[in-house]
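Each chain is listed here by its residues.
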Amino acid sequence: MTWDLVVLVADGMMEQALLGLLGRHQALGIRPVRPRLIRHPQQDPGCYHTGHEILRPFARSAGHALLMFDQEWQGAPHPDGLSLSNGVESKLRPAWGDRARCLVIEPELEAWIWSDSPHVASALGWAGGMGQLRRWLEKQGLWRSGEPKPSRPKVAFHAAARRGRVVPSSAILRELAGKVSLERC
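Caption draft 1: The arrangement of the nonpolar core in detail. By size, the foremost hydrophobic cluster in this structure holds 57 residues, and its most contacted members are Phe 69, Trp 96, Trp 114, Leu 124, Leu 133 and Leu 137. Each residue touching Trp 96, except ones within four places of it in the same chain, is listed here: Val 6, Leu 55, Arg 56, Phe 58, Ala 59, Ala 62, Gly 63, His 64 and Ala 65.

Now the structure itself:
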């Protein structure tokens, strides 16, 4: 096998977040992984509709496959991530058997970054910490009091980064994926 894992992702943000996570094999409780990451040119809808076709040629050169995309995208055919995932996995099975999975992130990748870690506030330019950032997001109507995460995580991510004078980028997601504790994920 050339790669342990071939991953088809919807965009560069997802690619970088996954690279950050896979670089922490000990924290994940796995051995080091040789991944091959591919971005689908048609992003989330492309992963859903044709991702299985893009991954098919790798079935002999990779041990496992993972197809990742967000639940929320214009024209998504199912309201929940499990339905989307099950549909894609049924298309992956003929080539991959039980060696492939589909991960649909509900509602979107940026939900992964919202923890009470001080690294989140720092990466978004908030010197006052996560408490200050959360209070600001609540005042903006982007995070409801008592909720564990913002209901629209991508909107909150971009608003917080702008306010913190940080360019929202895939580098931030890779940095956070490489630092934030997985215990509170």
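Structure's up, so let's keep going.
Caption draft 2: Representation of the environment of Leu 109 in the model. Among the structural elements, Leu 109 can be located in the loop between β4 (100–105) and α5 (118–123). Separated by 37 residues in the primary sequence, Leu 109 and Glu 72 have C-alpha atoms spaced 9.7 Å apart. Once residues lying within four places of it in the same chain are set aside, the contact partners of Leu 109 are Met 13, Met 14, Ala 17, Asp 70 and Leu 173.

Caption draft 3: Structural detail: the sheet that holds strand β2 (residues 35–39). Pairing within the open sheet is parallel, and its four strands lie in the order β2-β1-β3-β4. With one partner strand each, in any of the chains shown, β2 and β4 form the two edges of the open sheet. The sheet shows a mean angle of 20° between the axes of neighbouring strands, taken without regard to direction. With six bridges connecting them, strand β3 (residues 62–70) and β4 associate as parallel partners. Across the sheet, residue Phe 69 finds its bridge partner in β4, namely Val 104. Lying on the sheet, helix α4 (residues 81–96) is in contact with β1 (3–9), β3 and β4; it crosses β4 at an angle near 160°.

Caption draft 4: Spatial organisation of the pairing of β1. Burial within β1 is extensive, with seven of its seven residues counted as buried. Summarising the sheet, β1 and β3 pair through five bridges and their orientation is parallel. From the neighbouring strand, Leu 8 faces β3, where its bridge partner is Leu 67. Direction of pairing for β1 relative to β2: parallel, over a ladder of five bridges. Within the sheet, the bridge partner assigned to Val 9 lies in β2 and is Arg 39.

Caption draft 5: The arrangement of the packing of helix α3 (residues 43–55) against α4 in detail. Between α3 and α4, the least distance of the axes is 9 Å, while the angle of their chain directions is 20°. On the basis of the axis angle, α3 is roughly parallel to α4. In this structure, α3 crosses over α4, and the sense of that crossing is right-handed. Residue-level inspection shows Tyr 48, His 49, His 52 and Leu 55 of α3 in contact with α4, the latter providing Leu 84, Val 88, Lys 91, Leu 92 and Trp 96. The residue makeup of the contact of α3 with α4, split by class, is six nonpolar, two polar and one charged.

Caption draft 6: A look at the pattern of salt bridges. Summed over the entire model, instances satisfying the criterion amount to five salt bridges. For Asp 4, the salt bridge goes to Arg 31, with nearest N and O atoms at 3.3 Å. Linking Asp 4 in strand β1 with Arg 31 in the loop between α2 (25–28) and β2, this pair joins segments that are 27 residues apart in sequence. Look at Asp 4 and you get buried, because its relative accessible area is 15%. Note on Arg 31: relative accessible area 54%, which makes it exposed. Salt bridges sharing common partners tie together Asp 4, Arg 31 and Arg 34.

What counts, and at which threshold
- Residues numbered from 1 in each chain as written.
- Predicted model: local features only at pLDDT ≥ 70, side-chain atom pairs only at ≥ 80, totals over all residues.
- Heavy atoms only, no water.
- Core = buried A, V, L, I, M, F, W, Y, C linked by side-chain atoms within 4.5 Å.
- Buried < 20%, exposed > 50% of the residue type's maximum accessible area, 1.4 Å probe, protein only.
- Contact = heavy atoms within 4.5 Å.
- Helix = DSSP H or I, 4+ residues; strand = E, 2+ residues; numbered from the N terminus.
- Pairing = 2+ DSSP bridges.
- Axes fitted to C-alpha atoms, helices over the stretch in contact; angles between N-to-C directions.
- Parallel < 35°, antiparallel > 145°, perpendicular 65-115°, else oblique.
- Left-handed = near helix turned anticlockwise from the far one by under 90°.
- Nonpolar A, V, L, I, M, F, W, Y, C, P; charged D, E, K, R; others polar.
- Salt bridge = Lys/Arg side-chain N within 4 Å of Asp/Glu carboxyl O.

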